[in-house]
Amino acid sequence: MADIAKYTPIHGGTLISDFKAHFSIFRTKRTVALAYTLVFVFIAISFFFYFLLFFPQLIILGFTIHNSSTTDTSGSQNIDFLPPNLSKGPSVLENQTNTHKVEALKPLLNQTATDNTNPLKPTPELSKGSSDVSNQTQNKQLDHKGEVLKQNQTQSEEFQGRVQVLKANQSTNAATNSPETANTTVGSSPKSASEMKNVTANGDKGVAENGAVKNLTSSLMMKQNNGTDNAKVKQGIDDRIKSLMNCDLFDGNWVRDDSYPLYKPGSCSLIDEQFNCFLNGRPDNDYYKLKWKPKGCTLPRLDGSHMLELLRGKRLVFVGDSLNRNMWESLICILRNSVKDQKKVYEEFGRHHFRTEASYSFIFEDYKCTVEFFVSPFLVQEWELADRNGTKKETLRLDLVSRSADKYKNADIIVFNTGHWWTHEKTSKGKDYYQEGSHVYGELNVLEAFRKAITTWGRWVDANINQMKTLVFFRGYSASHFRQGDHETEPIKNETYLSQYPPKMTVVEKVLKGMNTPVTYLNITRMTDYRKDGHPSMYRKQHMSDEERRSPFSFQDCSHWCLPGVPDAWNEILYAELLVKLNQKQQSQKRP
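Residues numbered from 1 in each chain as written. Predicted model: local features only at pLDDT ≥ 70, side-chain atom pairs only at ≥ 80, totals over all residues. Heavy atoms only, no water.

Participant: Explain the overall build of the chain here, please?
Facilitator: If you tally the helices and strands in the chain, you get 20 helices and 13 strands. Put simply, the chain has 592 residues, and 48% of those count as buried. Here the contacts in the chain between residues at least 6 apart in sequence split such that 77% fall between residues at least 24 apart. Of the roughly 30800 Å² of accessible surface on the chain, a fraction of 54% belongs to carbon and sulfur atoms. (Helix = DSSP H or I, 4+ residues; strand = E, 2+ residues; numbered from the N terminus. Buried < 20%, exposed > 50% of the residue type's maximum accessible area, 1.4 Å probe, protein only. Contact = heavy atoms within 4.5 Å. Areas by Shrake-Rupley, 256 points an atom, 1.4 Å probe, with all protein chains shown as cover.)

Encoded structure:
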């Protein structure tokens, strides 16, 4: 009884009420915790739906950027800044262009120390068309990230949902990876089918004729700007091209430049012995340290890598006498020197001597281009005619071009020359030598015969050359300096000692003016007249006979030129002319 009284409630009550009283505090805490949890979940769900309702663009942007970053494994440095509707295809193409060692117009950006005025900038040849749109788009994406958001907002409105936007991006990727857009730059659309397709005869991708310079410019501006204003760079390019277009490249002087020659003396095994003065023992070196400097502008240094890009997928052909072979070998050495793997530069038939065959062709494998030479010293046909006694005699057909003409008429660039063989005894006398049809002239003045031959050549060019495809050049007469005496080591500095302008070149100029096909005249006569020091002279061969040693100046060569040497400057002028001509061609294609 005492124990029962000990546990009896003070205020009275039943056993059930007492049990409820013991557990009332736990009931209150659990209810409050559950209530707070429900309120928190309600707020979180409300905020989530509110976020989905008013900010769908941010979610779409997140998914799209993730999609772009995970699908692009090409290593392109620009793809991270592209809007999601741009594919990786064109960026891969730009990287491939960089892989081809393109440093477009590097000589126009990096001047030598001797050129203190009128600093060179890249030519506008590489700054037209779709490349500008590409660069401007990329810069705007970097500077105005808001535009990316706007574009995604537009896409979300158009496709009405995240899934459809992602599908649209996938469709864009598939479309831009198609072969037909192989030559389309990022952010641009091709203007024509010819700009869209860029496949060589072998099926290899190359630089299309209409798009080559544009793609190179895009690469250059991306590489060189480093955050600078594209408009300023482009203006510099335009100014440089204008200076070349308005400049007489052949009125100038020879100046010493220790950064020359364009290739190391003795390094080019392709040079014929008669041109390789260095290996033939010539002791002085000033003859390959001089560069040609026009008075009205700065001649860009020939960048072999860039010139090869200009020639990608093309044929450059030299046609003429041994002086054009001199120029051809010079260019082969310059271009070959710029190629990393020189094993991929070779003569088509593996030949290493270039004086006995009718034609030669050097293949630059990585660029799918050829640089060729066709022997044609008169540009018209050398002929054989049987006389009354049945013996054959040589004549020159003034009415027929050389037999090899059909082999090069479709080339992309052709450089013609003739002149020196017209000074030989047979041609200068002109007796029973010149022929038209079946008629052989008993005697014909050499200048008149030359006019007939050049007129025949001009008519053939007008009838056979597609001026929309082929650029035609005619290189003028190269001066000779035959003199008895000591070997010359310095150029002529006093203009009064220069020779008169050759009458044959006056004939050439008149014929060129009367042609329908545009022909660029490389008038190198005066610039070569200064260089009496540039000929092989007695250093035309390594091993002389006893007679040649006794009287070396009786066997000297003062017509051709040492390599490295004067013909390198001809090729620098050709390079500058190509920049100008390709720019003009591009501008003409833009006109309606």
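Participant: Hey, could you run me through the pairing of strand β7 (residues 380–386) in this one?
Facilitator: Along any regular strand, the residues point their side chains to alternate faces of the sheet. With seven bridges joining them, β7 and strand β8 (residues 392–401) adopt antiparallel strand pairing. Residue A386 lies in a different strand from β8, and its bridge partner there is K392. (Pairing = 2+ DSSP bridges.)

Participant: Got a minute to help me understand the confidence of the model for the chain in this structure?
Facilitator: Regions with low pLDDT should not have their predicted coordinates read in detail. Per-residue pLDDT for the chain averages 74, and the proportion of residues at 70 or more is 63%. For the stretch residues 63–107, pLDDT sits under 50, and the model shows 97 contacts to residues farther than four places along the chain or on other chains. Overall, residues 109–213 carries pLDDT values under 50, and its contacts beyond four positions in sequence, including any with other chains, amount to 210 contacts. (pLDDT = per-residue confidence, 0-100.)

Participant: Looking at this structure, I do not really get the sheet that holds strand β10 (residues 434–436). What am I missing?
Facilitator: Paired through their backbone hydrogen bonds, the strands of a sheet run either parallel or antiparallel. Spatial strand order, β7-β8-β10-β11: four strands in an open sheet with mixed pairing. Each edge of the open sheet is held by one strand with a lone partner, namely β7 and β11 (439–440). Pairing between β10 and β11: two bridges, direction antiparallel. If you follow E436 over to β11, its bridge partner there is H439. Where helix α16 (residues 446–464) meets the sheet, it contacts β7, β8 and β10, and its direction lies at approximately 50 degrees from that of β8. (Axes fitted to C-alpha atoms, helices over the stretch in contact; angles between N-to-C directions.)

Participant: Looking at this model, I keep getting lost on the packing of α16 against helix α17 (residues 503–513). Mind explaining?
Facilitator: Packed helices, taken two at a time, are described by the angle their axes make and the gap between the axes. Closest axis-to-axis distance for the α16/α17 pair is 10 Å, and the angle between their directions is 30 degrees. Relative to α17, the element α16 is oriented roughly parallel. Both α16 and α17 take part in a crossing whose hand is right-handed. Across from V446, L447, F450, R451, I454, T455 and W457 in α16, the residues of α17 making contact are P503, K504, M505, V507, V508, V511 and L512. (Parallel < 35°, antiparallel > 145°, perpendicular 65-115°, else oblique. Left-handed = near helix turned anticlockwise from the far one by under 90°.)

Participant: Just to check I follow, could you spell out the nonpolar core for this structure?
Facilitator: Nonpolar side chains tend to gather and get buried jointly when the protein is soluble and globular. F318, F364 and V371 are the most contacted members of the largest nonpolar core, which has 65 residues in total. With 11 residues, helix α20 (residues 566–590) is the largest single contributor of residues to this core. Not counting residues up to four positions away in its chain, the partners in contact with F364 are L308, I332, L335, R336, V339, K344, V345, C369 and V371. With 39 residues, the next largest nonpolar core counts L379, I414, Y477 and V507 among its residues. (Core = buried A, V, L, I, M, F, W, Y, C linked by side-chain atoms within 4.5 Å.)

Participant: Sorry if this is basic, but what is going on with unusual backbone geometry here?
Facilitator: For residues that are not glycine, phi is negative in most cases, and the peptide bond is trans in most cases. Cis rather than trans, the peptide bond between Y260 and P261 has omega equal to 10 degrees. By secondary structure assignment, the location of P261 is in the loop between β1 (252–256) and β2 (290–294). Cis rather than trans, the peptide bond between L563 and P564 has omega equal to 0 degrees. With respect to the element layout, P564 can be found in the loop between α19 (546–550) and α20.

Participant: Help me understand the state of the cysteines in this model?
Facilitator: Think of a disulfide as a covalent bridge from one cysteine sulfur atom to another cysteine sulfur atom. Applying the stated criterion across every chain yields a total of three disulfides. The residue that forms a disulfide with C268 is C333, at a sulfur-sulfur distance of 2.0 Å. For the disulfide bridge between C268 and C333, the dihedral angle about the S-S bond is near -80 degrees, and by the sign convention the bridge is left-handed. A residue pair is termed long-range when its members are at least 10 positions apart, and C268 in the loop between β1 and β2 and C333 in helix α13 (residues 322–337) qualify at 65 residues. A relative accessible area of 5% means that C268 is categorised as buried. A sulfur-sulfur separation of 1.9 Å characterises the disulfide bridge that pairs C277 with C562. The S-S bond linking C277 to C562 shows a torsion near -85 degrees; that makes this disulfide left-handed. Here C562 lies in the loop between α19 and α20 and C277 lies in the loop between β1 and β2, a separation of 285 residues in the sequence. (Disulfide = S-S within 2.5 Å.)

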